[in-house]
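Each chain is listed here by its residues.
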Amino acid sequence: MIKQVPVTVITGFLGAGKTTLLNHLLTADHGKKIAVIVNEFGEVGIDNQLVVGAEEEIFEMNNGCICCTVRGDLIRILTDLMKAKLNPLEPKVDFDRIVIETTGLAEPAPVIQTFFVDEAMTRFYQIDSVVTVVDAKHANQQLDQAHEAQEQVAFADIILLNKVDLVSAEEVNGLEKRLRHMNPSVKMFKTENSKIELDKILDIHTFDLDKKLEVDPDFLTDDHHDHEHDDQVTSFVLREERPLNLDKLEKMVTHWINDYGTEMYRYKGILNIKGMTERVVFQGIHMLFASTVDREWTDTDTKLSEIVVIGKNLDQRHFQTQFAECVEID
Ligand SMILES: Nc1nc2c(ncn2[C@@H]2O[C@H](COP(=O)(O)OP(=O)(O)OP(=O)(O)O)[C@@H](O)[C@H]2O)c(=O)[nH]1
């Protein structure tokens, strides 16, 4: 009988703080070997470039939502990992737990279901817990608008009520009440930058199948997946090989926020700024955005700027034109 590998599923709506939590998990001193599976909605993975910790094995799943089109990929990666671990001749990947970061647009049920439908999966893996990160600043709006956000809360074993620094104590309390009403048995922690003691979220075996079945009685049925993404929510990538001008970029983003703040759910990327030897990481959620100086570009990096935008009713060509106007002219 093999010991089952614990799996932590990190979920939460766009920009809630999932990658921040992942980085926290990967850099903390816990001695665990973690294999990470990251899923992003867009065709380009920005998150994998923002995940720190070279020792960990990171598997990327892009161009779709983990609970829909790329679920086959998830099973394939999990099967490959299982074989790599069990093969005594040539263990390519060693790990003692898996962490899956889902895209903010994923429903958690089909991801969890993956661990119950296939006999090999059931034997080898065991869900430890579903951790849902909630953005205290934007959650009310997200819960009103997106059924995915509601399901992420309903399926959580643990909620990190994150970004409490951005709102008042009353707002946090109001949101906590709403979340508890949606999921009365959940364990909840208030966090800043997803900072949480790891023994509160790892190896805690809080996953409770019966509770999930209360939320969705059909969720173990194999062909049960009627997740429909809102067709108006799309994602596109802005890409530019020429170095960009910082002032022009700032003006462009101010314009974006004024005109499309409500419709722009999430935008993030890595920028190549004229005159800078470091990468600039650019992050935004609705009207809040920040850019930070990241590590130096290396010889092996392809020096280009890429921004992924996820939002509703956005005209890609308009965004691309504006982005191209930020090129530094010598
Ligand atoms: N003020 C504040 N900002 C935070 C906090 N946690 C995360 N952030 C910022 O919020 C932004 C989004 O964080 P991520 O960890 O990338 O969020 P995510 O859930 O992985 O985003 P997606 O994968 O795009 O859905 C980043 O700029 C973070 O630095 C927090 O507690 N307070």
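Bear in mind that the values here come from a model prediction, so they are computed numbers and not experimental data. Throughout, a residue's number is its position along its own chain's written sequence, starting from 1. Predicted model: local features are reported for residues with pLDDT of at least 70 only, side-chain atom pairs are reported and counted for 80 or more only, and whole-chain, interface and lining totals are derived from all residues.

Draft legend 1. Quick look at helix α7 (residues 147–154). Exposure classification rests on a simple neighbour count of other C-beta atoms within 10 Å of a residue's own: a residue reaching 20 or more is buried, one at 12 or fewer is exposed, and one in between is partly exposed. C-beta atoms are placed from the backbone. Runs of E in the DSSP output that reach at least two residues are strands. Runs of H or I that reach at least four are helices, and both are numbered from the N terminus. Among the eight residues that make up α7, six are buried, leaving the element largely enclosed by the rest of the structure. Of all the positions in α7, only Glu148, Ala149, Glu151, Gln152, Val153 and Ala154 are classed as buried.

Draft legend 2. Just the nonpolar core, in detail. Among the nonpolar cores identified, the biggest contains 71 residues, and Val134, Leu160 and Val309 are the most heavily contacted of them. Take this core: its biggest share by element is six residues, from strand β5 (residues 125–135). Setting aside residues up to four positions removed in sequence, Val309 forms contacts with Ser235, Phe236, Leu238, Met264, Tyr267, Leu314 and Phe319. A set of buried Ala, Val, Leu, Ile, Met, Phe, Trp, Tyr and Cys residues, joined to one another through C-beta atoms within 7 Å, is what we call a nonpolar core. With C-beta atoms placed from the backbone, a contact is any residue pair whose C-beta atoms sit within 7 Å.

Draft legend 3. Representation of the site of the ligand within the structure. If you check the shell around the ligand, you find 21 residues, and the closest are Lys18, Thr19, Thr20, Gly104 and Gln283. Within the residue set of the shell around the ligand, elements represented by two or more residues are α1 (18–27) and β9 (264–271). Here the shell around the ligand is composed, by residue class, of four nonpolar, 10 polar and seven charged. Each domain's extent was defined by an automatic or database domain assignment. Two domains each put at least three residues into the shell around the ligand: domain 1 (5–215) and domain 2 (233–324). We call a residue near a molecule or strand when its C-beta atom, built from the backbone, sits within 6 Å of it. For this classification, Asp, Glu, Lys and Arg are treated as charged, while Ala, Val, Leu, Ile, Met, Phe, Trp, Tyr, Cys and Pro are nonpolar and the rest, including Gly, are polar.

Draft legend 4. Broad picture of the UniProt feature "domain: CobW C-terminal" (unreviewed entry) in the protein chain. Here the UniProt-annotated "domain: CobW C-terminal" (unreviewed entry) positions come out as residues 233–327. Between the C-alpha atoms that bound residues 233–327 there is a distance of 28 Å. The span itself is 25% helix and 43% strand. UniProt positions are given in the numbering used here, feature names are shortened, and annotations may be inferred rather than shown by experiment.

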